[in-house]
Amino acid sequence: MKRPGRDEDPDRLYTVTGGRSRSNSDAFDLVTLVVSESQPTPGMQSEHASILRICSSPTAVVEIASDLNLPVSIVRILLGDLHAAGRITARHPRTTATAADRLPDPEILKQVLVGLRNL
Amino acid sequence: MDSATSDLTGTRPPLHSTAANGLKIVIVGGFGVGKTTMVRSVSDIRPLNTEETMTRAGEGVDDTTNVESKTTTTIAFDFGRISLNDTTVLYLFGAPGQERFWFLWDRLFTGTLGAVVLVDTRRLVDSWYAIDRLEQHGMPFIVARNDFGGPHYSAEEVREALDLSEDVPLIECDARSRESSKEVLITLVNHLYRLSSSARENAP
Ligand SMILES: Nc1nc2c(ncn2[C@@H]2O[C@H](COP(=O)(O)OP(=O)(O)OP(=O)(O)O)[C@@H](O)[C@H]2O)c(=O)[nH]1
Ligand SMILES: [Mg+2]
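Remember, it's a predicted structure, so these values are computed and weren't measured experimentally.

### Quick word on the environment of Leu119 of chain A
Logical step 1: Considering the arrangement of structural elements, one finds Leu119 of chain A in the segment after helix H5 (106-117).
Logical step 2: Judged by its relative accessible area of 26%, Leu119 of chain A falls in the partly exposed class.
Logical step 3: Look past the residues within four positions of Leu119 of chain A in its chain and what remains in contact with it is Ile82, Arg178 and Lys182 of chain B.

### Quick word on the packing of aromatic side chains
Residues and elements named next belong to chain B.
Logical step 1: Summed over all chains, the structure comprises nine aromatic pairs over all chains.
Logical step 2: Plain terms: the ring middles of Phe77 and Phe109 are 5.9 Å apart, the flat faces sit at 70 degrees to each other, and that makes the pair edge-to-face. Of this pair, Phe77 sits in strand E3 (residues 68-83) while Phe109 is found in helix H3 (residues 105-109), placing the two residues 32 residues apart along the sequence. There is no split in this pair, since Phe77 and Phe109 are both buried.
Logical step 3: Ring pairs connect the aromatic residues Phe77, Phe79, Phe93, Phe101, Trp102, Trp105 and Phe109, which therefore count as one cluster.

### Notes on the pairing of strand E7 (residues 170-173) of chain B
Logical step 1: Note: strand E6 (residues 141-146) of chain B against E7 of chain B, four bridges, orientation parallel. Bridge pairing links Asn146 of chain B to Cys173 of chain B in E7 of chain B.

### Brief notes about the site of ligand 1
Residue and element names in this part refer to chain B.
Logical step 1: Surveying the vicinity of ligand 1 reveals 14 residues, the closest of which are Gly34, Lys35, Thr36, Thr37 and Asn146.
Logical step 2: Take Val33: an N or O atom from its main chain is 3.1 Å from an oxygen atom of ligand 1.
Logical step 3: Note that an oxygen atom of ligand 1 is positioned 2.7 Å from one of the side-chain N or O atoms of Thr36.
Logical step 4: Coverage of ligand 1 by the protein chains reaches 65% of its 650 Å² of free accessible surface.
Logical step 5: Top element by residues in the shell around ligand 1 is helix H2 (residues 35-42). It accounts for three residues.
Logical step 6: Class assignment of the residues belonging to the shell around ligand 1 gives a composition of four nonpolar, six polar and four charged.

### Re the interface of chain A and chain B
Logical step 1: Opposite the 50 residues of chain A that make contact, chain B presents 60 residues.
Logical step 2: Note on chain A versus chain B: buried area summed over both sides is about 4,700 Å², and carbon and sulfur give 60% of it.
Logical step 3: If you look at where chain A meets chain B, you find five salt bridges.
Logical step 4: Across the pair Arg12 of chain B and Asp67 of chain A runs a salt bridge, and its minimum N-O distance is 2.8 Å.
Logical step 5: Across the chain A-chain B interface, the total number found is 17 residue pairs in polar contact (both at pLDDT 80 or more).
Logical step 6: Broken down by secondary-structure element, the contributors of at least two residues to the side of chain A that touches chain B are helix H2 (46-54), strand E2 (59-60), helix H3 (61-68), helix H4 (72-84) and H5 of chain A.
Logical step 7: Broken down by element, the side of chain A that touches chain B gets its largest block of residues, ten residues, from H5 of chain A.
Logical step 8: In terms of residue class, the side of chain A that touches chain B is made up of 25 nonpolar, nine polar and 16 charged.

### Digging into the packing of H2 of chain A against H3 of chain A
All names here are of chain A.
Logical step 1: Viewed as axis vectors pointing N to C, H2 and H3 meet at an angle of 125 degrees, and their least axial separation amounts to 11 Å. Considered as vectors, H2 and H3 are oriented oblique to each other. The element H2 and its partner H3 pack so that their crossing is right-handed. On H3, the residues that touch Glu47, Ser50, Ile51 and Ile54 of H2 are Ile64, Asp67 and Leu68.
Logical step 2: Looking at the contact of H2 with H3 residue by residue, the classes come out as four nonpolar, one polar and two charged.

### A few points about the pattern of salt bridges
Logical step 1: For the structure on display, the rule yields 13 salt bridges over all chains.
Logical step 2: The salt bridge partner of Glu63 of chain A is Arg12 of chain B, with a shortest N-O separation of 3.0 Å. Taken together, the residues span two chains, with Glu63 of chain A in helix H3 and Arg12 of chain B in the loop between helix H1 (3-9) and strand E1 (21-29). Arg12 of chain B shares its class with Glu63 of chain A; the two are buried.

Conventions used here
- Residues numbered from 1 in each chain as written.
- Chains lettered and ligands numbered in written order.
- Predicted model: local features only at pLDDT ≥ 70, side-chain atom pairs only at ≥ 80, totals over all residues.
- Heavy atoms only, no water.
- Helix = DSSP H or I, 4+ residues; strand = E, 2+ residues; numbered from the N terminus.
- Buried < 20%, exposed > 50% of the residue type's maximum accessible area, 1.4 Å probe, protein only.
- Contact = heavy atoms within 4.5 Å.
- Phe/Tyr/Trp six-rings, centres within 6.5 Å; stacked < 30°, edge-to-face > 60°.
- Pairing = 2+ DSSP bridges.
- Near = heavy atom within 4 Å.
- Polar contact = N/O pair within 3.5 Å; in protein donor to acceptor, adjacent residues only side chain to side chain.
- Areas by Shrake-Rupley, 256 points an atom, 1.4 Å probe, with all protein chains shown as cover.
- Nonpolar A, V, L, I, M, F, W, Y, C, P; charged D, E, K, R; others polar.
- Buried area = accessible area lost by both parts, 1.4 Å probe.
- Salt bridge = Lys/Arg side-chain N within 4 Å of Asp/Glu carboxyl O.
- Axes fitted to C-alpha atoms, helices over the stretch in contact; angles between N-to-C directions.
- Parallel < 35°, antiparallel > 145°, perpendicular 65-115°, else oblique.
- Left-handed = near helix turned anticlockwise from the far one by under 90°.

Honestly, that's just the spatial picture; any functional story needs more than this.
Pasting the structure below:
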């Protein structure tokens, strides 16, 4: 397991995000699966390049945060940048049949049950 | 995987290229109750950890600087994952149920299928707060009691102590066992399935 101690230096976080603390990227759920659509390019911010490498196969937002040792909210900002530039695509979770449903779709729950029983 | 990538991802196997739907289940409970152990027992990967921080405006104003004080809350949590099929991946989160955690619930755990409240019968009080909050959030849950070899209490006694409603499943488990932890998850998902299908039948 990784060392739980983190670099919590606010200056580092400030630098990583170019000073932005809020994102309009709430669209990125903890378990949204991110896939890169391009290779890192020279001169690219290193966190962006790392994300593109990690997401060469689908990777959840929370896994990216863990790999980069950054808080989830910072990673959401970085993902927002890459998404706006068309460098990643996002596969968002689908749990309910319609947006109004409060409980998960029984069909999805059935899939989960089958998967768990086969473990 | 090239070495630059494995430096970042360790030995974690990549997901299937068709993986498209990530689902969440949260295991909450007091300190040392076995959350990480349960995640590890059923996960395809070694548990990873990460954190989220939140800055809130404080109650008062700092006397010396006359600036409104801010408090930063940091919550660490760990997680594992189970690939259920080529498209669906279940993520399991082990999260501390203490008060400050719940400030981040909406931001982190909106869309969670359901929760497992892991309890140690020697310290049932530790789980009261988590149960309250899950009820407030309308988040369906089950209670799993991990056997640490304390005095034996009947299910009725545990229900009473937790003021658990009849329709919340309560089961015994050993978080160190894969089979037992799997059974806990199946019990939760069966419970969710019942709730969800009866909500449909009763829908107008
Ligand atoms: N006897 C017994 N011991 C257990 C069981 N589950 C976990 N343990 C042990 O209890 C200790 C704490 O387990 P963890 O999984 O680290 O608990 P946790 O809830 O993640 O703890 P924190 O993250 O520190 O709050 C470990 O030494 C486990 O081996 C169980 O079912 N029975
Ligand atoms: Mg733990």
